[in-house]
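Commentary on secondary and tertiary structure
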Amino acid sequence: AQQLMDAQDWPNAIGALDQLRKLDPGYNASLVDGMYFFALRNYGYNLITQNGNLEGGIYQFTLAERFGTLDNTANGLREGARYYLLGASFWDLDWEQAVYYFTQVAGGWPSLWDGTMTASERFRIASIRYGDVLFDRKQYCDAYNQYTNAQKIGNLDEQTAANLFESTQKCYPPTATPTVTPEVSPTTEVVPVVTDT
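Described in the following lines is the structure provided in the data block.

Comments concerning the pattern of salt bridges
Counted by the stated rule, this structure contains 7 salt bridges. Among the salt bridges present, the one from R82 reaches E79, with a minimum N-O distance of 3.8 Å. Of this pair, R82 and E79 both sit in helix α5 (residues 72-89), 3 residues apart, which is roughly one turn of that helix. Note on R82: relative accessible area 36%, which makes it partly exposed. You can call E79 partly exposed: its relative accessible area is 38%. The partner of R122 in a salt bridge is D114, and the shortest N-O contact between them spans 3.0 Å. On the accessibility criterion, R122 (7% relative accessible area) is buried.

Following this line, the structure appears as structure tokens:
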């Protein structure tokens, strides 16, 4: 088990620890518990960050917590994975909710992915789709906000760019250029003063 952990082969290290526990449940219990924690925590981290297996990573983190407290990195990554899965559950169903959850994930873990798209790419697409919903409702200022959020991450397609332009015009109409008319002041006639000397 130690050799497998040194090689960062987390699944096989966990399997070796399972065999050890079956053979002798009391053997160096605290040391084996620590090895379990380390292997499970790192396996969960790799599943999420390298494989895009969010559910599997969350599960491994949960198992690791039986042996110790997760560090901030693992805890934050698990939270990001949960929000990612929640956002994905609203995909194509409720764009407002998808934007809400992917705003959270893209802010902290933009490269987090589920094997298909990163969190930032999902945020960009969800923002465009939600912007389209708002645009159709004639809520142009809200649509403008969604389109500009998407534009900060990547290019917009032709239709989205046209919607953004129209939303900008409706939400921020150009102001009329004021015409300056010269002020005409009343002229005062100067009367010469004549004095007798």
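That was the structure; now back to the text.
A closer look at the environment of V32
Tracing the backbone shows V32 in helix α3 (residues 29-49). For V32, a relative accessible area of 2% translates into the label buried. Along the sequence, V32 and R21 sit 11 residues apart, while their C-alpha atoms lie 8.4 Å from each other. Apart from residues lying up to four places away in sequence, V32 is in contact with L17, L20, R21 and Y27.

Points about unusual backbone geometry
Unusually for a residue other than glycine, N28 sits at a positive phi of about 40°. Looking at the element boundaries, N28 is found in the loop between α2 (10-23) and α3. With phi around 65°, D92 is a residue other than glycine that occupies positive phi space. Within the fold, D92 resides in the loop between α5 and α6 (95-108). Residue classification places D92 among the exposed positions, given a relative accessible area of 57%.

A short note on the side chain of R124
Along the chain, R124 turns up in helix α7 (residues 119-136). A distance of 3.0 Å separates the side chain of R124 from the backbone oxygen of N155, its partner in a polar contact. Residues within four places of R124 in sequence aside, it is in contact with A150, I153, G154 and N155.

Brief notes about the packing of α3 against helix α4 (residues 54-64)
Direction vectors running N to C along α3 and α4 enclose 165°, while the axes themselves pass 7 Å from each other. In terms of their interaxial angle, α3 and α4 are classed as roughly antiparallel. The element α3 and its partner α4 pack so that their crossing is left-handed. Contact residues: α3 offers F37, L40, R41, Y43, G44, Y45, L47 and I48, while α4 offers L54, G56, G57, I58, Q60, F61, L63 and A64. The residue makeup of the contact of α3 with α4, split by class, is 11 nonpolar, 4 polar and 1 charged.

Definitions and cut-offs
Residues numbered from 1 in each chain as written. Predicted model: local features only at pLDDT ≥ 70, side-chain atom pairs only at ≥ 80, totals over all residues. Heavy atoms only, no water. Salt bridge = Lys/Arg side-chain N within 4 Å of Asp/Glu carboxyl O. Helix = DSSP H or I, 4+ residues; strand = E, 2+ residues; numbered from the N terminus. Buried < 20%, exposed > 50% of the residue type's maximum accessible area, 1.4 Å probe, protein only. Contact = heavy atoms within 4.5 Å. Polar contact = N/O pair within 3.5 Å; in protein donor to acceptor, adjacent residues only side chain to side chain. Axes fitted to C-alpha atoms, helices over the stretch in contact; angles between N-to-C directions. Parallel < 35°, antiparallel > 145°, perpendicular 65-115°, else oblique. Left-handed = near helix turned anticlockwise from the far one by under 90°. Nonpolar A, V, L, I, M, F, W, Y, C, P; charged D, E, K, R; others polar.

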